Every structure is written in C-alpha cells, then in structure tokens.
Amino acid sequence: MTVHDHDRSDDGASIDEGGAPMKVVVVGAGYAGLAAALELADAGIDVEVLEAADRVGGRVWSREHDSVVIDHGGQWVGPTQTELLGLAARFGCETFRSYDEGRHVELWPGGVAEPFTSDEHVDGFGAAEYAGAEARLDAMAGTIDLDDPLGTPELSDWDATTFESWIRDEISDEQARDRMRLVLRGVWACEPRDVSLFHVLFYIRSAGGLGQLLGTLDCAQDSRFVDGAQAPARAVAAHLDDRVRLGLRVRGIAHGPDGVTVRTSDGDIVADRVVVTGSTAAQARIVFDPPLPAARRRWVARSPMGDVAKVHAVYPTPFWREAGLSGQLVAYDGSPVSYTFDNSPPDGSRGVIAAFVYGDAYRAWARLGEPERRAAILAPLVAALGPEAGRPDDVLATCWPDDELAEGAYAAVPTPGTWIEHGANGWRSPAGRVSFAGTEQSARWNGYIDGAIRSGREAARAIMQATRPRPHRLDHEETT
Ligand SMILES: Cc1cc2nc3c(=O)[nH]c(=O)nc-3n(C[C@H](O)[C@H](O)[C@H](O)COP(=O)(O)OP(=O)(O)OC[C@H]3O[C@@H](n4cnc5c(N)ncnc54)[C@H](O)[C@@H]3O)c2cc1C
C-alpha cells in the first residue's frame, strides 16, 4: 500500500491492528466522501478516494453553458449550513445571495396568476389552514432529539403513518391539502403517500424547522456559489491530488482476516478501513462479502431515492426583473413544474430560470417526447413571467432518476416502518471495518450538502477514534 508524503503527520497518525500505518479507502467523491478523505488526510492518514464517475461532486454538478455556470444538482447554501460554508471558506469559494426581489407568483387552477412577496404571504387557496398545519408539523418535529431520534415518544405512531394519511387526517380543506402536498414534493422530491411521517418530521428537525427548508433569504435557499456549488468539491479534490481516483467503480467489498479488499473496475485494493458513500441506490449495487447485516440491507432497500428533474431555461436577460417579478413561481394548476427560481449569474448578465419537476408529474413528463417536454416546462413560465418566457435560447434538463450513479435525488426517503424496524442498526452503524457516510446518514441537514459533509467528517473521526494508538497499560508486576 502506498503512503503519500504530502500532508502526513508523524505524530499520532492512526495505526491498524498490526501496528502499521493505516490505509482508508473512501468510496465516492461526492461531498461526504471528499469531506471524509480531507479529515483523514489532515490527520496524516493514508487515504484513497475511488470515484466511479469522471468528475467529483456526485449529486452536485456545475457545468458552464454558453459562459453561464449552471448547477444541475445541489446549489444553495444557508447560514446554518456551517460545514459547507466552512469548507467553502477554507478553499476560497465565494457565494452570493439568491435573487429574491419583487413579486413571486402562484398559479392556481383556472388560469389564475396570484402575486405575492416574501413579506406578504399569499391569501387564499387554502393558505390559512395550511399555515396552521405547518405550525403543527414544526411543533411535532421539535419533540425529536437529533442525537436520539429513535427515542422519540411518538415514533411508533408517526413512522406507521404516511405523510398523505397525515394530510387527510389533519387538513380538511382540499386546497390546503394541495399546498401541503406540493411542499412535500418540493422538499422531499417524492409523493406524500411514499414517505413516513416520522421521516418528514426528522428531516424538518434536522434542518431547524420547516421555515428553514422552505425559505429563501436566511434559510436553505439563501445563497449560491459564484463558480457553482461543485467548486468547493473540485477544490478539495485538487488539494487531495492523486489520492482521488476517477473512473474507478467499486463493485465489491470483502472482509478478510487482515483487512478489507475493495474490488474495483480496475483491480483490487487492500485497505484497513473503508468508508462507503453514495445514494442508497448506489450502495445497493455494491456486493459485500460477507453480506451486510440484514438491518443495513433492509434500511437501504426500504429507502428509495426521490424523483426530480431540474430544468433550466436560459434567456438573453433576466427580463422578469424589470417587470418587478422575482422569477419564483409555485404552481398548483396541474402543470409538471412545481417551483421555479431565478438562477441567473451573480451579475445578471443572462437570465436563467430553474424549474423543478417531481414525483408523479416527473414520471408523466419524462414519458413525453422532447418538444412536448419543453412546451410543458415553458407554459407555466409564460403564465407567470409573460410571453418572453416562451422564447428561451436553451432549455437544459437533468433527470436525476436517470443518473446512472445516483439513480434519483435529492436524497433517500425512508418508507413507513423503516425507522422503527431498522433505524437502530441499519441507519448508520458500521459493519466490521466498513463505515457508511453520505447525506442520508446525517442527523443534521439530512438530505443536504452540509449533511453530507458532516457525515463524512463524523465517519472519519470515528475511524480515527477507534484506531488511535493507546498507551500500553503496565501490568501489576511491572508497576511494583
Ligand atoms: C437537483 C438537486 C437539487 C439539490 N439541491 C440542493 C441544494 O440546493 N442544497 C443542498 O444542500 N443540497 C441539494 N441537493 C442535495 C445534495 O446535492 C446532496 O444531498 C449531496 O450532494 C449528497 O452528497 P453525498 O456525498 O452524500 O452523495 P453523492 O453526491 O451521491 O456522492 C456519492 C458519490 O459516490 C459515487 N459512487 C456511487 N457508487 C459508486 C461506486 N460503486 N464506486 C465508486 N463511486 C461511486 C457517485 O458517483 C458520487 O460521486 C440537491 C440535489 C439534487 C440532485
């Protein structure tokens, strides 16, 4: 095994059970894998990151299109996402605030375009009853201790309930129900019938409240990265240098008496410890020998990925700003688009709208031919922003369920019963020398880039803690 010279500390570096310097292999160069590797490299530990794709970043993917950086995956960062902000600061990656000026628009059935602003909330279409339900969700989520989610007194009731059942039991007005359903799709990228109420509450708690998840300024959608959200990942990879290997797919992981053999598309690599990251779909494709404990296999199998397409319409200018519009749209009118945001570059030199398509609407939209897909995206934009919205220079769609490695996004959504039955041992307990990291394994900002970084760092620290050299205890005879 190779020991790299750079970043190696001679003091206190972890050792394997035989007393030799330890080698850790990290599977995946998304934010969790890179954060784990950085933590280990900072401590002088020999680490190698194996990434199947030809780029780092995973579910965060920024690509320049016609001189504009487009974030096809994760993009925003909020003020309480301190791990991501810290990483960005360390590597000099700049952020700028999201465009949140002017009127947003809600599209209601029957062709109604209802304007509202961030300060004056919309009135009508079930808004009043919805607000009460949102407050109840926050109160319920507040009873969850993130350090002990399985100790939640109402766990067995809440995890036995789908979010759709809760909506039907707790909200009487059909329009308020539709409001809540759209929120669920927008934050969890699935249908309310598919996800456990407990998981929704845990996720709310993990972000610090539903307002944090939904809001723009001072909340999860507060800021974006000048060079795209992939910039910090690229910077970490550059720092780790040849410790990150691209185009290397991990197919299997076998425990042996002296360590772990990682079977890749380009041969075997032997390590003392392995950190596995990636979506639940990606982790399910790795063959473990011996098989992983049943709890982990069940957790992964019962936590499918969400379904979301992120579609960008690129215009010569952000023309809606001159009309006093923010570019933010919420559609209850049955269009495939649920939400849009102004994703223009920081200097506003081009106009970019990002539109999100989720769940059932995604599946129906994805079956359409190319021209129909484009028309279905542009129709609500024209209704909200005016006829110019129908004449973009380009429309770029990224369908995350078709991404060969992630197979969906934003994150995994545990189905009812998964937390109760497999949470204790399946969520993030290591299996022998293999640890699991990734945003799905984070108690804070679960589902977000920040959560991915936290989980990677925590996995790395746990390995260092478990393998730290300990002073030999002198036995009784030697001390007397
Ligand atoms: C459209 C979209 C919008 C989002 N918006 C936001 C947002 O605004 N803010 C936010 O914070 N989060 C957002 N997210 C979520 C965020 O992107 C993820 O939570 C985060 O990137 C997950 O990081 P991760 O390291 O846990 O997993 P991943 O990013 O999935 O990284 C796992 C890596 O492992 C690699 N891999 C998988 N299998 C193998 C294998 N067998 N061998 C080798 N390598 C393998 C993958 O290629 C990948 O690079 C969004 C996601 C999407 C898709």
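Keep in mind that what you see is a predicted model, and the values were worked out from it rather than measured.

What counts and what doesn't
- Residues numbered from 1 in each chain as written.
- Predicted model: local features only at pLDDT ≥ 70, side-chain atom pairs only at ≥ 80, totals over all residues.
- Heavy atoms only, no water.
- Phe/Tyr/Trp six-rings, centres within 6.5 Å; stacked < 30°, edge-to-face > 60°.
- Helix = DSSP H or I, 4+ residues; strand = E, 2+ residues; numbered from the N terminus.
- Buried < 20%, exposed > 50% of the residue type's maximum accessible area, 1.4 Å probe, protein only.
- Lys NZ or Arg CZ within 6 Å of the ring centre and 35° of its normal.
- Core = buried A, V, L, I, M, F, W, Y, C linked by side-chain atoms within 4.5 Å.
- Domains from an automatic or database assignment.
- Contact = heavy atoms within 4.5 Å.
- Near = heavy atom within 4 Å.
- Polar contact = N/O pair within 3.5 Å; in protein donor to acceptor, adjacent residues only side chain to side chain.
- 1 Å grid on protein atoms, 1.4 Å probe; cavity = no way out; pocket = protein on both sides within 12 Å on 5 of 7 lines; lining within 4 Å.
- Points joined across faces, edges and corners; volume = space filled by probe spheres on them.
- Nonpolar A, V, L, I, M, F, W, Y, C, P; charged D, E, K, R; others polar.
- Arc of directions from axis to C-beta.
- Buried area = accessible area lost by both parts, 1.4 Å probe.
- Salt bridge = Lys/Arg side-chain N within 4 Å of Asp/Glu carboxyl O.
- Pairing = 2+ DSSP bridges.
- Axes fitted to C-alpha atoms, helices over the stretch in contact; angles between N-to-C directions.

So, about the packing of aromatic side chains. To describe a pair of aromatic rings, you give the distance between the ring centres and the angle between the ring planes. For the structure on display, the rule yields 21 aromatic pairs. Look at Trp 188 and Tyr 203: their rings are 5.1 Å apart centre to centre, the planes differ by 50°, and that puts the pair in the tilted class. Taken as a pair, Trp 188 in helix H6 (residues 174-188) and Tyr 203 in helix H7 (residues 197-207) lie far apart in primary sequence, 15 residues in all. Relative accessible area serves as the criterion here: at 2%, Tyr 203 is assigned to the buried category. Here the aromatic cluster, defined as three or more aromatic residues joined through ring pairs, consists of Trp 76, Phe 341, Phe 356, Tyr 358 and Tyr 410. Its end group placed over the ring of Tyr 99, Arg 321 keeps NZ or CZ at 3.7 Å from the ring centre. Looking at Arg 373, its charged tip hangs above the ring of Trp 365, at a distance of 4.8 Å from the centre.

A word on the nonpolar core. Generally speaking, a soluble globular protein has its nonpolar side chains buried in company with each other. Grouped together as the largest cluster of nonpolar side chains are 58 residues, with contacts concentrated most on Leu 137, Phe 163, Trp 166, Met 180, Trp 188 and Leu 213. Looking at this core element by element, the count peaks at eight residues for H7. Mapping this core onto the domain boundaries places at least three of its residues in each of domain 1 (23-60 + 230-303 + 414-467) and domain 2 (97-226 + 305-402). Other than its neighbours up to four places away in sequence, Phe 163 contacts Leu 137, Met 180, Leu 184, Pro 192, Val 195, Leu 197 and Val 200. Residues Ala 35, Ile 45, Leu 87 and Ala 229 belong to the second largest nonpolar core, which totals 41 residues.

Before going further, it helps to spend a moment on the site of the ligand. Within the structure, the ligand sits among 36 residues, and Glu 51, Arg 59, Thr 439, Gly 447 and Ile 449 are positioned closest to it. Contacts to the ligand include Glu 51, whose side-chain N or O atom sits 2.6 Å from an oxygen atom. A distance of 2.9 Å is found between an oxygen atom of the ligand and a backbone nitrogen or oxygen belonging to Trp 76. Mapped onto the shell around the ligand, the elements with two or more residues apiece are helix H1 (31-42) and helix H16 (449-467).

The next thing to look at is empty space enclosed by the protein. Counted under the stated rule, the structure contains three cavities of 30 Å³ or more. By volume, the largest cavity amounts to about 40 Å³. Among the residues forming the lining of the largest cavity, the class breakdown is three nonpolar, three polar and one charged.

All right, on to helix H11 (residues 294-301) then. Among all positions of H11, only Ala 295, Arg 296, Trp 299 and Val 300 are buried. Summarising the axial view, the buried residues of H11 lie within an arc of 130°, below the 170-degree limit, and thus occupy one face. Summarising the contacts, the buried residues of H11 are in contact with helix H10 (280-284), helix H15 (418-426) and strand E20 (434-436).

The next subject is the domain arrangement of the chain. For the chain, the assigned domains are domain 1 (23-60 + 230-303 + 414-467) and domain 2 (97-226 + 305-402). With centres defined by C-alpha atoms, the gap from domain 1 to domain 2 works out at 30 Å. Counting residues at the interface gives 26 residues for domain 1 and 25 residues for domain 2. Around 2,000 Å² of area is buried between domain 1 and domain 2 when both sides are counted, 66% of it from carbon and sulfur atoms. Considering only the side of domain 1, the residues that lose the most area to domain 2 are Pro 416, Trp 419 and Trp 445, jointly responsible for 32% of the buried surface there. Linking domain 1 with domain 2 are one salt bridge. Between Asp 147 and Arg 444 there is a salt bridge, with its nearest N and O atoms 3.4 Å apart. The interface formed by domain 1 and domain 2 holds nine residue pairs in polar contact (both at pLDDT 80 or more) in total.

Now for helix H9 (residues 231-240). The buried fraction of H9 amounts to seven of the 10 residues, a majority that puts the element mostly inside the structure. Contacts from the buried residues of H9 go to H1, helix H2 (82-90), strand E8 (223-225) and strand E9 (244-245). In the segment just after H9, Asp 241 is the residue with positive phi, at about 60°.

On to the sheet that holds strand E19 (residues 394-399). Taking strand neighbours across the sheet as the criterion, the seven strands line up as E7-E6-E16-E17-E18-E15-E19 in an open arrangement whose pairing is mixed. If you trace the sheet from one side to the other, it starts and ends with strand E7 (112-116) and E19, each paired once. Direction aside, neighbouring strands of the sheet carry axes that sit 20° apart on average. One ladder, built from two bridges, connects strand E16 (residues 325-331) with strand E17 (residues 337-342); its direction is antiparallel.

Time to look at the pattern of salt bridges. The full count for this structure, using the stated rule, is 31 salt bridges. Between Lys 23 and Glu 48 there is a salt bridge whose closest N-O contact spans 2.5 Å. Of this pair, Lys 23 sits in strand E1 (residues 23-27) while Glu 48 sits in strand E2 (residues 46-50); the two residues are 25 residues apart in sequence, bridging distant segments of the chain. Residue Asp 450 is joined to Arg 454 by a salt bridge in which the shortest nitrogen-to-oxygen separation is 2.5 Å.

The strand order across the open sheet formed by five strands is E9-E2-E1-E13-E20, and the pairing between neighbours is parallel. The open sheet terminates on both sides in strands that have one partner only, identified here as E9 and E20. As paired elements, E1 and strand E13 (residues 273-276) share four bridges and run parallel to each other. Across the sheet, the residue bridging to Val 24 is Arg 273, located in E13.

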